[in-house]
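Structure assessment
Chain by chain, the residues:
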Amino acid sequence: MTSAVDTELGAELQGFREVQSLAYACAEAVAARLVPGVTEREAARMQREWLRERGVRDWFHLPFAWFGDRTAFAGFKIPLQFFPTNRRLEPGMPFILDMAPVFNGFTADIGYSGSLGPNPVQDRLMADLEEHRELILREVRERRSLREIYEDVERLMNRQGYANRHRAYPFGVIAHKVDRVKQRRFSPNVFGFGTQSLKGLASDALHGHRDGWSPLWSPYKFSDHPPQPGLWAVEPHLGFRGTGAKFEEILVVTDSKDPRESAFWLDDDLPHVRRWAEARSL
């Protein structure tokens, strides 16, 4: 018999799954509209407009777009460099679209990698990311510490011959917790981040500090603890000679003793997962 708790959890996860699917649908729709000469700022605006037309009014963070060597965060030293620029897309150039909408109080944070025409280097990076998705899930189920898992991901990248580009993110994070967000009539943002979402992350940080865990998954000591139950937006990011690729999606962590139920990806029907499945079927 299904318990009330199971039913409530299922409804919660469905809400997160729906907004994550909406975000990936936006990424695919915008990617299909990209043409030579489009700027990062224009691509970011296309994402905002597509989602607003479908009811999104709040954000964990506003959409980003990175083109060319900016997909590998080449030369990034300060947070302002992450924001979209007037870099124009060219044939064969890699791109990454990244957005984190809030819809009906549920949050997603996704990353979509592609290129304008063939780009064998980015294709290889994307293919090699499959092993990272498998490693992360396996080691979370083993209840390894977040810091250990981070180090294992980085070692795998090094063996593959790639640079760890999520090291360039603030605090070097590979993931962060996501939660429900209270809906407000007005949803302001500060430096591109929604204030309601930031309040939730700050609250997690405060409670976590008191209880010995962090909502940020980093290579530092404050992440030296087992995975905390909840939802985590995970984004391993590879770089190779000015080309970058990543995926970002939600990982669900529970307190179940059953390894298969203790951690699982929220949804396997995502563009990069379908891409890997199609490649195996060839």
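All of the points below concern the structure found in this document.

Cut-off values and rules
Residues numbered from 1 in each chain as written. Predicted model: local features only at pLDDT ≥ 70, side-chain atom pairs only at ≥ 80, totals over all residues. Heavy atoms only, no water. Helix = DSSP H or I, 4+ residues; strand = E, 2+ residues; numbered from the N terminus. Contact = heavy atoms within 4.5 Å. Areas by Shrake-Rupley, 256 points an atom, 1.4 Å probe, with all protein chains shown as cover. Pairing = 2+ DSSP bridges. Axes fitted to C-alpha atoms, helices over the stretch in contact; angles between N-to-C directions. Phe/Tyr/Trp six-rings, centres within 6.5 Å; stacked < 30°, edge-to-face > 60°. Buried < 20%, exposed > 50% of the residue type's maximum accessible area, 1.4 Å probe, protein only. Polar contact = N/O pair within 3.5 Å; in protein donor to acceptor, adjacent residues only side chain to side chain. Parallel < 35°, antiparallel > 145°, perpendicular 65-115°, else oblique. Left-handed = near helix turned anticlockwise from the far one by under 90°. Core = buried A, V, L, I, M, F, W, Y, C linked by side-chain atoms within 4.5 Å.

The secondary structure content of the protein chain amounts to seven helices and 14 strands. Once local pairs closer than 6 in sequence are excluded, the contacts in the protein chain between residues at least 24 apart make up 69%. Put simply, the protein chain shows about 13500 Å² of open surface, and 53% of that area lies on carbon and sulfur atoms.

Let's shift gears to the sheet that holds strand β11 (residues 237-240). With respect to topology, three strands assemble into an open sheet ordered β5-β11-β12, the strand pairing being antiparallel. Across the chains shown, the open sheet's two edge strands, defined by having one partner strand only, are β5 (163-164) and β12 (243-246). Docked against the sheet, helix α3 (residues 120-141) engages β11 and β12, running at close to 35 degrees with respect to β12.

Glancing now at the packing of aromatic side chains. Under the defined criterion, the tally for this structure stands at 15 aromatic pairs. Centroid distance phenylalanine 64 to phenylalanine 83: 5.7 Å. Interplanar angle 55 degrees. Geometry classified as tilted. Of this pair, phenylalanine 64 sits in strand β1 (residues 58-67) while phenylalanine 83 sits in the loop between β1 and β2 (94-103), and the two are 19 residues apart along the sequence. Relative accessible area serves as the criterion here: at 8%, phenylalanine 64 is assigned to the buried category. A relative accessible area of 26% places phenylalanine 83 in the partly exposed class. With a centroid separation of 5.2 Å and 85 degrees between ring planes, the pair formed by phenylalanine 76 and phenylalanine 82 is classed as edge-to-face. Clustering of aromatic rings is evident, with ring pairs tying together Phe64, Trp66, Phe73, Phe76, Phe82, Phe83 and Tyr169.

Take the pairing of β1 next. With ten of its ten residues buried, β1 lies for the most part within the structure. As defined by bridge partners, β1 adjoins β2 across seven bridges and the pair is classed as antiparallel. Each residue of the ladder has a partner; that of tryptophan 59, found in β2, is proline 101.

For the rest of this paragraph, the subject is the environment of arginine 147. Mapped onto the secondary structure, arginine 147 falls in helix α4 (residues 146-160). Considered as a pair, arginine 147 and proline 227 are 80 residues apart in the sequence and their alpha carbons are 9.6 Å apart. With sequence-adjacent residues up to four places away left out, arginine 147 is seen in contact with Ser218, Pro219, Tyr220, Lys221, Ser223 and Asp224. A polar contact is formed between the side chain of arginine 147 and the backbone oxygen of proline 219, at a distance of 3.1 Å.

What follows is about the packing of α3 against α4. Contact pair α3 / α4: the axes reach a minimum separation of 10 Å and the direction vectors enclose 155 degrees. Considered as vectors, α3 and α4 are oriented roughly antiparallel to each other. Handedness of the α3/α4 crossing: right-handed. Along the contact surface, α3 presents Asp128, Glu131, His132, Leu135, Ile136, Glu139 and Val140, while α4 presents Glu148, Ile149, Asp152, Val153, Leu156, Met157 and Gln160.

Let's shift gears to the sheet that holds strand β6 (residues 175-178). Reading across the sheet, the five strands line up as β9-β6-β10-β13-β14 and stay open at both edges, with antiparallel pairing between neighbours. Of all strands in the sheet, those bounded by a partner on one side alone are β9 (216-217) and β14 (263-265). In this sheet, β9 lies alongside β6 in antiparallel orientation, the contact comprising two bridges. Bridge assignment links histidine 176 to a residue of β9, and that residue is leucine 216.

What follows deals with the nonpolar core. Membership of the largest hydrophobic core comes to 66 residues, with the highest contact counts inside it found for Ile136, Trp217 and Leu251. For this core, the element with the highest residue contribution is helix α1 (residues 4-33), accounting for ten residues. If we ignore the near neighbours within four places in the chain, the residues touching leucine 251 are Ile136, Leu137, Val140, Trp217, Gly230, Leu231, Trp232, Val234, Phe264 and Trp265.

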